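Below are the chains, spelled out letter by letter.
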Amino acid sequence: MRHILPCAIALALCAWTPTCIATANGPAPLPATAANSVTTQLPRSVRPTHYDIHVVPDAKNLRFAGHVAIDIEVLQATDRIVLNALDMTFPNAQLQSADGAAALAAPTVSVDHDVQTATFAFARAIAPGSYRLVLDYTGRIGTQANGLFAIDYDSKAGKQRALYTQFENSDARRFMPSWDEPAYKATFTLSADVPAGQMAVSNMPIAQTTDLGHGMQRVQFQTTPKMSSYLLFFGLGDFERATTHLGDTQIGVVTQQGKGAQAAFALDSAKTILAEYNDYFGTHYPLPKLDNVAAPGSSQFFSAMENWGAIFTFERAMLLDPAFSTQADRQRVFEVEAHEMAHQWFGDLVTMAWWDDLWLNEGFASWMEGRTTAKLHPEWRTDLDAVDVRESAMSRDAVATTHPVVQHIATVEQASQAFDSITYSKGESVIRMLEAYVGEDAWRVGVRDYIREHAYGNTVSDDLWRAVEHAAGKPIMAIAHDFTLQPGVPLIEVKAASCTNGTTTLSLSQGEFSKDRPEKTPLAWRVPVLARTLGGAPASTLVSDGHATMTLQGCGTVVVNAGQSGYYRTLYQPGQIAAFGEHFPQLATIDQLGIMDDVWALGLAGRVPASTWLNLAAKVPADADPQVWGDIAGSFDSLDGYYRGDTPQRAAFRRFAIARLQPVLARVGWEARAGEADPVVNLRTQLIATLGALGDPAVLAEARRRYAAQATDPQAMPVALRRTLLGIVAANADAATWDGLHARARAETTPLVKDQLYGMLAAAKDPALARRALDLAITDEPGATNGAMMISVVSWRHPELAFAFATAHTAQVDPRVDSTSRSRYYPGLASGSLDPATIGKVRAFADAHIAPTSRRAADTAIANIQYRIGVRERAMPQIDAWIGSHPAR
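Structural notes, computed from the coordinates.

Rules used in this analysis
Residues numbered from 1 in each chain as written. Predicted model: local features only at pLDDT ≥ 70, side-chain atom pairs only at ≥ 80, totals over all residues. Heavy atoms only, no water. Helix = DSSP H or I, 4+ residues; strand = E, 2+ residues; numbered from the N terminus. Buried < 20%, exposed > 50% of the residue type's maximum accessible area, 1.4 Å probe, protein only. Areas by Shrake-Rupley, 256 points an atom, 1.4 Å probe, with all protein chains shown as cover. Lys, Arg positive; Asp, Glu negative; His and termini not counted. Charge placed at Lys NZ, Arg CZ, Asp CG, Glu CD. 1 Å grid on protein atoms, 1.4 Å probe; cavity = no way out; pocket = protein on both sides within 12 Å on 5 of 7 lines; lining within 4 Å. Points joined across faces, edges and corners; volume = space filled by probe spheres on them. Nonpolar A, V, L, I, M, F, W, Y, C, P; charged D, E, K, R; others polar. Pairing = 2+ DSSP bridges. Axes fitted to C-alpha atoms, helices over the stretch in contact; angles between N-to-C directions. Parallel < 35°, antiparallel > 145°, perpendicular 65-115°, else oblique. Contact = heavy atoms within 4.5 Å. Core = buried A, V, L, I, M, F, W, Y, C linked by side-chain atoms within 4.5 Å. Disulfide = S-S within 2.5 Å. Phe/Tyr/Trp six-rings, centres within 6.5 Å; stacked < 30°, edge-to-face > 60°. Salt bridge = Lys/Arg side-chain N within 4 Å of Asp/Glu carboxyl O. Left-handed = near helix turned anticlockwise from the far one by under 90°.

1. Here's the deal with the overall build of the protein chain
The number of helices and strands found in the protein chain is 28 helices and 29 strands. Along the first, second and third principal axes, the C-alpha atoms of the protein chain reach 85 × 65 × 55 Å. Evaluated residue by residue, the protein chain yields a buried proportion of 61% over its 889 residues. Just so you have it, the protein chain exposes about 31,200 Å², and 52% of that area is on carbon and sulfur atoms. Charge separation in the protein chain, taken as the distance between the mean sites of 76 positive and 92 negative side-chain charges, equals 4 Å.

Structural data, given as structure tokens:
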């Protein structure tokens, strides 16, 4: 699943910014690697081997009828069968023997909504053996991405409704009664009665279509390989499909009618990525087809899902609209596809035994996404994004409410909350570090062995570590355990550096970086460290027992974590940081980014003066790499967010920030130039967006001029800048402008554009307009999946207002949020607050509405508010003092 990390919605609204195979047949035992230690919420006495499912959707009335015959193995005598089911009724139930005869009298059926199970109790015990459980049932079609759900959307032909499924992590039980846990793998045969004029899509190709008369047809799909229940998919609607081939694999894209051309880049990319993955994994993709299904609408928590053979992706992460999409969108389409396609091996072919090891799916897919994008599109320079990924993880990992990469999951809600930046970004970063430690070739051999050995099965983290360790002939298990079984961010401090006879000796110590616990006793890690002097060869060591000494070739400025593959912060001495400013152009771009981000984080946490980052940023030349200036622009925008109101201090800061960014925009220009690099294209939009957010009068005036001229000058709002300019106008809108944008949103018939326009309406700085957006969000007008997004957008600038509104209107907001995500959604609205009173309000809401076992998101929101207040009190006076002594010129 492609998780939506913080700021992803902002990136969508603006224009800037994962051989021989074992047989697939036979029973599905629990994984031998985990044995009975695998968590389960179901009795172990019965396991499924095959599901034969038939559904009849009633899209108009949002319900469906189902029939399922489940082949089961009874492992020990029992008088009841317990499986997962939610929002279902069971008019008929029968247990059949292997020959199809009734094995026992019809059972008594009881449903427990709280634990999401159905129990079929029999008058006497069922003997061990093979049986078939045959059930008729009914279920609901929802309007959010849980189970089988409907999305209504506008099209050129009028209002349309399409159906899709979303089962990860625990929502297959809304579509079929099932053993809805990843270790209970089985095969699936799915059929559906559907309108003859619509297209039905599932994991496998269609095996047979039967005309039922009266405008209906029965579609039966081929049987899947053995897989976990959360990977099954069904889609139905007014679709079109385009295909290509790679060898025997048919690759397809499925879109709403008339949008196929907008998926052409996704289709071409899928073919390229599949060839790369077949080679990298050493195991060819095993299904006959691989579709990517685009859907209108959105979710607050994911953009795509890796259903085996039928990836589901919201349109904003798959389609490229020639009237609105940018270079950043193009890159995001490729990255999302690379992420979901990596899951076809890591997650689908080989699946974690339980949600404790979710990172095996998501961390690895995120790493493959980054690796593959950088390899296949080096012109995008996404290799530099590794620093941003690490920063996303460390920001979350440095507060008290963090958790290990491998974490114990006991409930469905906890599993839902596990889809966070620790699972994705820290998992990715740790993999990157370990690959650098053992070497690319050894890592790849280990991954290939792991896939081959565990195909169609389930694993735990140590299975991967053993495979890599065996391939590398180098111990990594202890290092991997340090970084995945305990939380937190190591801190490597450069205690001393001395040079004698052309050799530099470094003294390093290991502590722990924390944003909110300065006196915390540090944990211990074994940390692989790579360092070099400028112009010297890199050297490596393993910091263990808290200390290490290194010798480096050459003298002069020293870079620790050279290449930025390590997952740790580096604390330099003041003189060493000053030297980076003097020699900034000589640093590798990725080290420029890593050093600046370390200094930034250490400054805001109070480990170095907060103004240290400003000293460094002031030395960056205007011709520095576009990503470096993008990072600086993002940091300026972040600092601006710690001010409230139009204070003299904020005005002084903005003058300084604008003065630093204006020459860079002048160098890049407002208009695209022939042959310019893609990172420059992205930087242009980010600079304009940031300068607009900082209130640069020149940028605001130009954005308004272009917006006003668009009716008579087609070139006033070029596609590459259109969304950015609309975002600036919307953020600074008065009532009349807001009304104009609202009218445009209502009239728009392209869902991809319409959704973004409604998001822009929620971005207004004016509190009165923000309130209007909130009122609009809980009406039917924006669409069922956009209301929650609008409230989230309001929270960027008005967190207290958005949180108060949402919590006062839970009856209206709840139906607009994925049901398994509500415990994250509400606290997240408040996390940007600077008001101490908000802390008590979040606690009160959690006490009243969130189970005690599911409050990590609420606790994290509170920790973030406390941290932000601390930064404002501790670091911002230092920033203001520095600005006062360095007036903008």
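2. Describing empty space enclosed by the protein
The rolling of a water-molecule-sized probe over the atoms marks out the regions of remaining empty space. What the largest cavity holds in volume is close to 120 Å³. The wall of the largest cavity is formed by 16 residues, among which Met1, Glu168, Thr820, Ser821 and Arg824 lie closest to the centre. In terms of residue class, the lining of the largest cavity is built from five nonpolar, seven polar and four charged.

3. As for the sheet that holds strand S13 (residues 206-213)
The pairing of strands in a sheet happens through backbone hydrogen bonds and is either parallel or antiparallel. Within the open sheet, the seven strands sit side by side as S5-S8-S3-S2-S11-S14-S13. Their pairing is mixed. Edge strands, defined here as strands with exactly one partner in the open sheet, are strand S5 (89-97) and S13. The sheet shows a mean angle of 15° between the axes of neighbouring strands, direction not considered. Bridge count for strand S11 (residues 187-195) against strand S14 (residues 216-221) is five bridges, and the pairing is antiparallel.

4. A word on the packing of helix H2 (residues 264-281) against helix H8 (residues 440-454)
At a closest axis distance of 8 Å, the pairing of H2 and H8 adopts a crossing angle of 90°. One finds that H2 runs roughly perpendicular with respect to H8. Judged by residue contacts, Asp279, Tyr280 and Phe281 of H2 engage Trp443, Arg444, Val447, Arg448 and Ile451 from H8. Tallied by class, the residues present in the contact of H2 with H8 amount to five nonpolar, no polar and three charged.

5. Digging into the nonpolar core
Of all hydrophobic cores here, the largest spans 281 residues; its most connected members are Ile53, Phe175, Trp443 and Ile791. Apart from residues no more than four positions distant in its own chain, phenylalanine 175 is found in contact with Ile53, Val55, Phe64, Met88, Tyr137, Leu148, Thr165, Phe167, Leu190, Leu232 and Phe234.

6. Quick look at the layout of surface pockets
Empty space within the second largest pocket amounts to approximately 640 Å³. For the lining of the second largest pocket, the secondary structure elements donating two or more residues are helix H6 (412-417), helix H25 (822-830) and helix H26 (837-849). With three residues, H25 is the single largest residue contributor to the lining of the second largest pocket. Of the residues that constitute the lining of the second largest pocket, the class distribution is seven nonpolar, twelve polar and nine charged.

7. Re the state of the cysteines
Inspection of the entire model under this criterion finds one disulfide. Two residues, cysteine 499 and cysteine 555, share a disulfide whose sulfurs are 1.5 Å apart. Here cysteine 555 lies in the loop between strand S27 (547-553) and strand S28 (558-560) and cysteine 499 lies in strand S23 (residues 489-500), a separation of 56 residues in the sequence. With a relative accessible area of 35%, cysteine 499 lands in the partly exposed category. Accessibility expressed as a relative area gives 41% for cysteine 555, which makes it partly exposed.

8. Some words on the packing of aromatic side chains
The final tally for this structure, using the stated rule, is 43 aromatic pairs. Between tryptophan 367 and tryptophan 443, the ring centres sit 6.1 Å apart and the planes meet at 70°, which makes this aromatic pair edge-to-face. Taken together, the residues tryptophan 367 in helix H4 (residues 358-376) and tryptophan 443 in helix H8 connect sequence positions 76 residues apart. The pair formed by tryptophan 367 and tryptophan 443 is uniform in burial state, with each residue classed as buried. Where phenylalanine 636 meets phenylalanine 653, the ring centres are 6.1 Å apart and the plane angle is 75°; that geometry is what we call edge-to-face. Residue phenylalanine 636 is found in helix H14 (residues 626-640), and its partner phenylalanine 653 is found in helix H15 (residues 648-668); the two are separated by 17 residues along the sequence. The same class applies to phenylalanine 636 and to phenylalanine 653, which are both buried. These aromatic residues form a ring-pair network of at least three members: Tyr277, Tyr280, Phe281, Tyr285, Trp345, Phe346, Phe364, Trp367, Trp443 and Tyr450.

9. A few points about the pattern of salt bridges
Under the criterion given, the structure shown has 40 salt bridges. The partner of arginine 526 in a salt bridge is aspartate 482, and the shortest N-O contact between them spans 2.8 Å. With a gap of 44 residues between them, arginine 526 in the loop between strand S24 (503-513) and strand S25 (527-533) and aspartate 482 in helix H10 (residues 477-484) connect regions that are remote in the sequence. What makes arginine 526 partly exposed here is its relative accessible area of 34%. Residue aspartate 482 is classed as buried on the basis of its relative accessible area of 9%. We note a salt bridge from glutamate 671 to arginine 706, for which the minimum N-O separation is 2.6 Å. You can see glutamate 671 sitting in the loop between H15 and helix H16 (678-693) and its partner arginine 706 sitting in helix H17 (residues 697-709), a full 35 residues away along the chain. The exposure class of glutamate 671 is partly exposed, given its relative accessible area of 43%. Since its relative accessible area comes to 4%, arginine 706 is described here as buried.

10. Some details on unusual backbone geometry
Across the junction of glutamate 168 and asparagine 169, the peptide omega takes the value 10°, indicating a cis bond. Mapped onto the secondary structure, asparagine 169 falls in the loop between strand S10 (158-166) and S11. One non-glycine residue with positive phi stands out, namely leucine 62, at about 55°. Of note, leucine 62 is situated in the loop between strand S2 (46-58) and strand S3 (63-74). Given the relative accessible area of 25%, leucine 62 is considered partly exposed. Unusually for a residue other than glycine, glutamine 116 sits at a positive phi of about 60°.

11. Thoughts on the sheet that holds S25
Taken in spatial order, the three strands make up an open sheet running S26-S25-S28, and their pairing is antiparallel. What marks the edges here is a single partner per strand, and that holds for strand S26 (539-543) and S28. Adjacent strand axes in the sheet meet at a mean angle of 25°, parallel and antiparallel pairs treated alike. As paired elements, S25 and S28 share three bridges and run antiparallel to each other. Residue threonine 533 lies in a different strand from S28, and its bridge partner there is valine 558.

12. Observations regarding the packing of helix H19 (residues 735-747) against helix H20 (residues 751-761)
At a minimum axis distance of 9 Å, the contact between H19 and H20 shows a crossing angle of 160°. When the interaxial angle is binned, H19 and H20 end up roughly antiparallel. In the packing of H19 onto H20, the handedness of the crossing is left-handed. Seen from H19, the contacting residues are Trp738, Leu741, His742, Arg744, Ala745 and Arg746; seen from H20, they are Lys754, Leu757, Tyr758 and Leu761. In terms of residue class, the contact of H19 with H20 is made up of six nonpolar, one polar and three charged.

13. Quick look at the environment of phenylalanine 346
For phenylalanine 346, the location among the structural elements is in the loop between helix H3 (327-343) and strand S21 (350-352). Residue classification places phenylalanine 346 among the buried positions, given a relative accessible area of 1%. Considered as a pair, phenylalanine 346 and glycine 363 are 17 residues apart in the sequence and their alpha carbons are 9.6 Å apart. When residues no more than four places from it in sequence are discounted, the contact partners of phenylalanine 346 are Phe281, Leu360, Asn361, Phe364, Val447, Tyr450, Ile451 and Leu464.

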